[in-house]
Amino acid sequence: SKGIYDARQLGAGRMFILGVQHMFAMFGATVLVPLLTGLSVSTTLLCAGLGTLLFHVCTKFKVPAFLGSSFAYLGGFSTVATMPAYEGLDPETKLAYALGGIVIAGLLYLVLALLFKVLGAKKVMRYFPPIVTGPMIIMIGLNLSGSAINNASTCWWLALVAMAIIVVANIWGKGMVKIIPILLGVVGSYIVAVIASACGAQLPDAEGVMQPLVNFAAVNKANLIGLQKFVIAKFDVSAILVMAPIAIAAMMEHIGDISAISSTTGKNFIEDPGLHRTLLGDGLATAFAGFFGGPANTTYGENTGVLALSKVYDPRVVRLAAIYAIILSFSPKFDALVNSIPAAIVGGVSFILYGMISAVGVRNIVENQVDLTKSRNLIIAAVMFVSG
């Protein structure tokens, strides 16, 4: 009931399955960013896996966080693509300049990390008390909720099947079933979708053409093994001025994510290994990804939701997910198979994961006994909620 901090006690087989669960939790959002920006999905998976391992090295292997694609920079990509300064350039060159801005954005993390190291976490965190971090965590979940609704609305009954499996497994499940509800929700609802497709169930695609609920066309065409496509970053002041300032918002989200993971696991990662180390890991992972053609990395709330549901807090399990991501980055067929999962299933799973993040924020406020009868606290929370 207090959580498992050493997953080795569960055995190698169960650790393998728990790693798969974390991989599924991050996969949908991680591959969505390259699909929206034109970057390579395989390269994105490789950078996410290597970036996560780099983060764990920087944080002394203590923080159970997965680093996936950041959505914060999507607006920057579209801005760079339409800037007059780059008019006439091919899309890949425009991407290269945007990636150069991401490299600089990642290096800005190191400046804040140095600030935390010099001043100490306690002095800086005076400006991030529970009345600030609590609503911040709540807003991380609520800001993501729109994508959960949009995905679930493509087929509500299928999203509800995924949610029902997760709820039943987590509340009434015993043993291993209880700690892999997300994986069971994805696999179980996918099997239902395949059966429904075999019975003739269809949905309209983006162009309004009716397609089977699960479409294996892309899976059949994809190669089993293939190499990633790298785009080396190029540096230009205009693109840097667009992309780099986004790091400010991303760093605030990082502090909220680390607070959420600390609250979920019952360990103060802000103190040990310290925010300077988590920022260092996130910044280096982002700069690395940007340099080789991947989107900016960020600590993933989806995996924090998995931690809260499974109560297995061992970082080894997250590192297994990172290794799987690296291996699967060499398989276009697996990439196509996972992308065949209907958006409604992703929405149903996200419904619970994103809600769990916000619920952790509420718990953060309650456990720290924040007095919401004080006008000062109410005003801080009110302004943060509306800003969020």
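Residues numbered from 1 in each chain as written. Predicted model: local features only at pLDDT ≥ 70, side-chain atom pairs only at ≥ 80, totals over all residues. Heavy atoms only, no water.

Draft legend 1. Representation of the overall build of the protein chain within the structure. A count of helical and extended segments in the protein chain gives 18 helices and four strands. The C-alpha atoms of the protein chain give a radius of gyration of 21 Å, which matches the 21 Å a tight globule of 388 residues would have. Along the first, second and third principal axes, the C-alpha atoms of the protein chain reach 60 × 60 × 40 Å. For the protein chain, with 388 residues in total, the buried portion stands at 53%. Only carbon and sulfur atoms are counted for the fraction: they give 67% of the accessible area of the protein chain, which is about 16800 Å². Looking at the protein chain, you have 24 positive and 17 negative side-chain charges, and the mean spots of the two groups are 13 Å apart. (Helix = DSSP H or I, 4+ residues; strand = E, 2+ residues; numbered from the N terminus. Rg over C-alpha atoms; globule rule 2.2 N^0.38 Å. Buried < 20%, exposed > 50% of the residue type's maximum accessible area, 1.4 Å probe, protein only. Areas by Shrake-Rupley, 256 points an atom, 1.4 Å probe, with all protein chains shown as cover. Lys, Arg positive; Asp, Glu negative; His and termini not counted. Charge placed at Lys NZ, Arg CZ, Asp CG, Glu CD.)

Draft legend 2. Summary view of helix α4 (residues 91-119). With 29 residues, α4 extends 43 Å between its outermost C-alpha atoms, agreeing within 8% with the 42 Å of an ideal straight helix rising 1.5 Å per residue. Count one or two residues on from α4 and you reach G120, which has phi positive near 90°. (Expected span 1.5 Å × (residues − 1).)

Draft legend 3. The environment of G120, seen in detail. Looking at where G120 falls in the secondary structure, it is placed in the loop between α4 and α5 (121-125). When its relative accessible area of 21% is taken as the criterion, G120 is described as partly exposed. Between the C-alpha atom of G120 and that of V317, which follows or precedes it by 197 residues, the distance is 30 Å.

Draft legend 4. Quick peek at the pattern of salt bridges. A complete count under the given rule lists six salt bridges for this structure. A salt bridge links R8 to D6, with the shortest nitrogen-to-oxygen separation between them at 3.0 Å. The class for D6 is partly exposed, based on a relative accessible area of 27%. A salt bridge links E92 to K229; its shortest N-O distance comes to 3.4 Å. You can see E92 sitting in helix α4 and its partner K229 sitting in the loop between α10 (217-221) and α11 (237-243), a full 137 residues away along the chain. Residues participating in the shared-partner salt-bridge network are D6, R8, D314 and R316. (Salt bridge = Lys/Arg side-chain N within 4 Å of Asp/Glu carboxyl O.)

Draft legend 5. Spotlight on the state of the cysteines. As enumerated under the stated definition, the model contains zero disulfides in all. Of all cysteine sulfurs, the one in C199 lies closest to C155, which takes part in no disulfide; the gap is 14 Å. The class for C199 is exposed, based on a relative accessible area of 68%. (Disulfide = S-S within 2.5 Å.)

Draft legend 6. Quick peek at helix α9 (residues 181-198). Spanning 18 residues, α9 covers 26 Å between terminal C-alpha atoms, matching the ideal 26 Å at 1.5 Å per step. Listed in full, the buried residues belonging to α9 are P181, I182, L183, G185, V186, S189, Y190, A193, A196 and S197. Taken from the residues just after α9, G200 is the one with a positive phi, measuring 105°.

Draft legend 7. The arrangement of the packing of helix α3 (residues 74-81) against α4 in detail. At a minimum axis distance of 9 Å, the contact between α3 and α4 shows a crossing angle of 135°. Classified by the angle between their axes, α3 and α4 sit oblique to one another. The handedness of the crossing between α3 and α4 is right-handed. Packed against α3, whose contacting residues are F77, V80 and A81, the element α4 presents K94, L95, A98, L99 and I102 at the interface. (Axes fitted to C-alpha atoms, helices over the stretch in contact; angles between N-to-C directions. Parallel < 35°, antiparallel > 145°, perpendicular 65-115°, else oblique. Left-handed = near helix turned anticlockwise from the far one by under 90°. Contact = heavy atoms within 4.5 Å.)

Draft legend 8. Highlighting the nonpolar core. In terms of nonpolar packing, the biggest core is built from 58 residues, with M26, V349 and L353 touching the most fellow members. If one sorts the elements of this core by residue count, helix α1 (residues 12-37) sits on top with nine residues. V349 has contacts with A162, I166, I182 and V186, leaving out every residue within four places of it along the chain. (Core = buried A, V, L, I, M, F, W, Y, C linked by side-chain atoms within 4.5 Å.)

Draft legend 9. Structural detail: the packing of aromatic side chains. Enumeration over the complete set of coordinates arrives at seven aromatic pairs. Both rings, one in F291 and one in F292, keep their centres 5.1 Å apart while their planes meet at 80°; by these two values the pair is edge-to-face. Exposure remark for F291: the relative accessible area of 32% places this residue in the partly exposed category. F292 sits in the partly exposed class, given a relative accessible area of 29%. Joined through ring pairs, the aromatic side chains of F230, F288, F291 and F292 make up one cluster. (Phe/Tyr/Trp six-rings, centres within 6.5 Å; stacked < 30°, edge-to-face > 60°.)

Draft legend 10. Fine view of a nonpolar patch on the surface. Taken together, the side chains of L114, L115, V118 and L119 define a hydrophobic patch exposed on the protein surface, amounting to about 370 Å² of accessible area. Considering the arrangement of structural elements, one finds L119 in helix α4. (Patch = residues over 30% accessible without salt bridge, like charges linked within 9 Å, V, L, I, M, F, W, Y side chains within 5 Å.)

Draft legend 11. Looking closely at the packing of helix α6 (residues 130-152) against helix α18 (residues 375-387). In the contact formed by α6 and α18, the axes pass within 10 Å of each other and the chain directions differ by 25°. Overall, the two elements α6 and α18 adopt an arrangement that is roughly parallel. Like other packed secondary-structure pairs, α6 and α18 cross with a definite hand, here right-handed. Contacts between α6 and α18 involve I131, V132, P135, M136, I138 and M139 on the former and, on the latter, N377, I380, A381, M384 and F385. The residue inventory of the contact of α6 with α18, partitioned by class, reads ten nonpolar, one polar and no charged. (Nonpolar A, V, L, I, M, F, W, Y, C, P; charged D, E, K, R; others polar.)

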